[in-house]
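Residue strings, one per chain:
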Amino acid sequence: MIESILYLLPLIGYVLLIIVPLLLVIAYLTYVERKVIAAMQLRIGPNVVGWFGLLQPFADGLKLLHKETIIPTRSNPIIFLCAPLVTFSLSLSAWAVIPFAPGVVISNINVGILYLFAISSLGVYGIIIAGWASNSKYPFLGALRSAAQMVSYEVSIGLVIIVILLSSGSMNLTDIVEAQKSMWYVVPHLPMAVIFMISALAETNRSPFDLPEAEAELVAGYNVEYSAIIFALFFLGEYGNMILMSAIGALLFLGGWLPPFHVIPFTWIPGFIWFALKVSFLLFIFLWVRATFPRFRYDQLMRLGWKVFLPFTLGWVVLTGFVMVAFNLFSGGQG
């Protein structure tokens, strides 16, 4: 028993070393989002609580902790409370296979990309449970929208991942990053990178694809009956998924921790900082899109996923396979 506990202590330390900074990043992502959108719309944004408003995330969290948790009378209380826990825990569990730098990963499994795809697919269950357990029309409609939306864009993301697997020859995330030493995959697969980012917006229910939370027709969607800390878990889960999808995009297309140029001036910067800069850049795209584009109609959302992204990504998979086979034939089967 004691040996088992001693064996688990380092693993628990690694988990806390990732989760605690991640929660801080999620908290300050809300602050950065409000500041970025304010700057784009010629407003000020948070500037009262703390220096330049830097303590605003803690004030928001403290306010939510002091709010009353209201459970609707006709809801299923147990499932109602479990839904935000499912969403939040899944957004954290995916980080187990994310390599931040060479050798800096909790579990360097050989099917890391498959694990991430499975976890992202399970994320919709928390939203469906929330919509059903609330026993209300608007949350239920929001949950149905979210399920259809995530199914539609999971197909495109799956085909994008297949393209990366064909190019790297591995499902291990570390191997995928190492395969980009000579060239980041964003260069030969730029259309796939664009489709991945647009699909990530749809997967995380972010603007302009925030149809499950549309205020105009659904009040607030699947989380309209939630309040206080259980609402905060949904909130944290959404922003955690944003950071996760940005991290996956950085690993698959931007070379992870690899510098852009293998020259002396860039070698002194640690790989973790390069990875953080790339994730920050992709997160900025999330915020930029929210401040720029209007919300799609639901039929436009479905048409984009099934009539544009699906045939294009499928054709790109075939083209990539053809190029890889041709390259192997012309190189004598050595490539």
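A brief look at the structure comes next.

Thresholds applied
Residues numbered from 1 in each chain as written. Predicted model: local features only at pLDDT ≥ 70, side-chain atom pairs only at ≥ 80, totals over all residues. Heavy atoms only, no water. 1 Å grid on protein atoms, 1.4 Å probe; cavity = no way out; pocket = protein on both sides within 12 Å on 5 of 7 lines; lining within 4 Å. Points joined across faces, edges and corners; volume = space filled by probe spheres on them. Helix = DSSP H or I, 4+ residues; strand = E, 2+ residues; numbered from the N terminus. Nonpolar A, V, L, I, M, F, W, Y, C, P; charged D, E, K, R; others polar. Salt bridge = Lys/Arg side-chain N within 4 Å of Asp/Glu carboxyl O. Buried < 20%, exposed > 50% of the residue type's maximum accessible area, 1.4 Å probe, protein only. Core = buried A, V, L, I, M, F, W, Y, C linked by side-chain atoms within 4.5 Å. Contact = heavy atoms within 4.5 Å. Expected span 1.5 Å × (residues − 1). Patch = residues over 30% accessible without salt bridge, like charges linked within 9 Å, V, L, I, M, F, W, Y side chains within 5 Å. Areas by Shrake-Rupley, 256 points an atom, 1.4 Å probe, with all protein chains shown as cover. Axes fitted to C-alpha atoms, helices over the stretch in contact; angles between N-to-C directions. Parallel < 35°, antiparallel > 145°, perpendicular 65-115°, else oblique. Left-handed = near helix turned anticlockwise from the far one by under 90°.

1. What to know about the layout of surface pockets
Regions of empty space are outlined by a rolling probe, equal in size to a water molecule, passed over the atoms. Considering only enclosed or pocket space, the largest pocket measures out at about 1100 Å³ in volume. As for the largest pocket, its lining consists of 37 residues, of which Thr30, Leu64, Phe231, Phe235 and Tyr239 are closest to the centre. Of all the secondary structure elements, the ones that give two or more residues to the lining of the largest pocket are helix 1 (2–40), helix 2 (56–66) and helix 9 (228–253). The greatest single-element share of the lining of the largest pocket, amounting to 9 residues, is contributed by helix 1. For the lining of the largest pocket, a count of residues per class yields 20 nonpolar, 5 polar and 12 charged.

2. A short note on empty space enclosed by the protein
The tally for this structure, following the rule as stated, stands at 3 cavities of 30 Å³ or more. In this model, the largest cavity occupies a volume close to 260 Å³. Along the walls of the largest cavity sit 21 residues, with Gly123, Met150, Glu203, Thr204 and Asn241 positioned nearest its centre. Of all the elements in the fold, those that place two or more residues in the lining of the largest cavity are helix 3 (77–93), helix 4 (112–133) and helix 9. Taken together, the residues of the lining of the largest cavity break down into 10 nonpolar, 8 polar and 3 charged. By volume, the second largest cavity amounts to about 50 Å³. At the level of secondary structure, the elements contributing two or more residues to the lining of the second largest cavity comprise helix 4, helix 5 (137–168) and helix 9. Ranked by residues supplied to the lining of the second largest cavity, first place goes to helix 4 with 4 residues. Residues that form the lining of the second largest cavity fall into these classes: 8 nonpolar, 1 polar and no charged.

3. Brief notes about the pattern of salt bridges
Applying the stated rule across the entire model yields 8 salt bridges. Between Glu33 and Arg206 there is a salt bridge, with its nearest N and O atoms 2.4 Å apart. A residue pair is termed long-range when its members are at least 10 positions apart, and Glu33 in helix 1 and Arg206 in the loop between helix 7 (190–203) and helix 8 (215–218) qualify at 173 residues. Just as Glu33 is buried, Arg206 falls in that class too. In this structure, the salt-bridge partner of Arg34 is Asp60, at a minimum N-O distance of 3.1 Å.

4. Quick notes on the nonpolar core
Ranked by internal contacts, the top residues of the largest apolar core, which has 66 residues, are Trp95, Ile98, Leu173, Phe196, Leu252, Phe253 and Phe275. With 12 residues, helix 9 is the single largest residue contributor to this core. Those residues within four positions of Trp95 in sequence are excluded, and the remaining contacts are Ile18, Leu22, Phe100, Gly240, Ile243, Leu244 and Ala247. Counting residues in each nonpolar core, the second largest holds 9 residues, with Ala83, Tyr226, Ile230 and Phe234 among its members.

5. Observations concerning helix 9
For helix 9, built from 26 residues, the straight-helix expectation of 38 Å at 1.5 Å per residue is met to within 8% by its first-to-last C-alpha distance of 38 Å. Along helix 9, 21 of the 26 residues are buried, which leaves the element largely enclosed by surrounding structure. Among the residues trailing helix 9, Gly255 stands out with phi positive, at a value near 75°.

6. Quick look at a nonpolar patch on the surface
Taken together, Ile12, Leu16, Val20, Leu24, Leu55 and Phe58 make up a surface patch of nonpolar side chains, about 550 Å² in accessible area. No other element matches helix 1, which puts 4 residues into the nonpolar patch. Tracing the backbone through its elements, the reader meets Leu24 in helix 1.

7. With respect to the environment of Ala83
Mapped onto the fold, Ala83 is located in helix 3. On the basis of relative accessible area, Ala83 is assigned to the buried category, the value being 0%. Remark: the alpha-carbon pair of Ala83 and Gly131, spanning 48 residues in sequence, is separated by 9.0 Å. Not counting chain neighbours up to four residues away, the residues in contact with Ala83 comprise Gly126, Ile129, Ala130, Tyr226 and Phe234.

8. Comments concerning the packing of helix 5 against helix 12 (residues 298–330)
For any two helices packed against each other, one specifies the inter-axial angle together with the distance between the axes. As a packed pair, helix 5 and helix 12 sit with axes 9 Å apart at the nearest point and diverge in direction by 15°. Taken together, the axes of helix 5 and helix 12 are roughly parallel relative to one another. Seen from above, helix 5 lies across helix 12 with left-handed handedness.

9. Side note on the packing of helix 4 against helix 5
Two numbers describe how helix 4 lies on helix 5: the axes approach to 8 Å, and their chain directions differ by 175°. Comparing their axes, helix 5 and helix 4 come out roughly antiparallel. On helix 5, the residues that touch Ile113, Phe117, Ser120, Ser121, Val124, Ile127, Ile128, Gly131 and Trp132 of helix 4 are Pro139, Phe140, Ala143, Ser146, Ala147, Met150, Glu154, Ile157, Gly158, Ile161 and Leu165.

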